[in-house]
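What follows is the residue order along each chain.
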Amino acid sequence: MSAEALSGRWLRAAFQPAWEPGAGDPGRRGFLAPDARVRTLLRVLVSYPEVRYVLPDRVALQGGADARLIETVLRFLARQRWLVTGVTLG
């Protein structure tokens, strides 16, 4: 069983080219980049109790996460145009 199936829902981000996590990237880009802006964004994301974990390219949510919370996080991430080009729900 995949990690996404175990965790419920997830949000996958498409990043600007400079932030795109590459294959084998040990967390130096995407949501795990050492940039202060990304670190602040990561702190905001993990402040939600429904967020289970964050990987360089996705945010895993609890299966029972409220639709309003998901919509809020989707809109919040979509506004981070300096970092992401789009966010999808899976």
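Definitions and limits used
Residues numbered from 1 in each chain as written. Predicted model: local features only at pLDDT ≥ 70, side-chain atom pairs only at ≥ 80, totals over all residues. Heavy atoms only, no water. Pairing = 2+ DSSP bridges. Helix = DSSP H or I, 4+ residues; strand = E, 2+ residues; numbered from the N terminus. Axes fitted to C-alpha atoms, helices over the stretch in contact; angles between N-to-C directions. Contact = heavy atoms within 4.5 Å. Phe/Tyr/Trp six-rings, centres within 6.5 Å; stacked < 30°, edge-to-face > 60°. Buried < 20%, exposed > 50% of the residue type's maximum accessible area, 1.4 Å probe, protein only. Lys NZ or Arg CZ within 6 Å of the ring centre and 35° of its normal.

Caption draft 1: A look at the sheet that holds strand E3 (residues 58–61). With antiparallel pairing, four strands are arranged side by side in an open sheet as E2-E3-E1-E4. Across the chains shown, the open sheet's two edge strands, defined by having one partner strand only, are strand E2 (51–55) and strand E4 (84–89). Here the strands of the sheet are splayed against their neighbours by 15° on average, with no regard to which way each runs. Sheet contacts for helix H3 (residues 67–78): strand E1 (9–15), E3 and E4; angle to E4, the most-contacted strand, approximately 165°.

Caption draft 2: Summary view of the packing of aromatic side chains. Counted according to the given criterion, the structure contains two aromatic pairs. Taking the centre distance of 5.1 Å and the plane angle of 75° together, the rings of Phe15 and Phe31 count as edge-to-face. Taken together, the residues Phe15 in strand E1 and Phe31 in the loop between E1 and helix H2 (36–46) connect sequence positions 16 residues apart. Note on accessibility: Phe15 and Phe31 belong to one class, buried. Relative to Trp82, the ring of Trp19 lies with its centre 5.7 Å away and its plane at 80°, an arrangement referred to as edge-to-face. Highlighted residues: Trp19 in the loop between E1 and H2 and Trp82 in the loop between H3 and E4, separated in sequence by 63 residues. Given a relative accessible area of 15%, Trp19 falls into the buried group. Against the face of Trp82 rests Arg37, its NZ or CZ located 4.3 Å from the ring centre.

Honestly, it's all geometry; don't read function into it.
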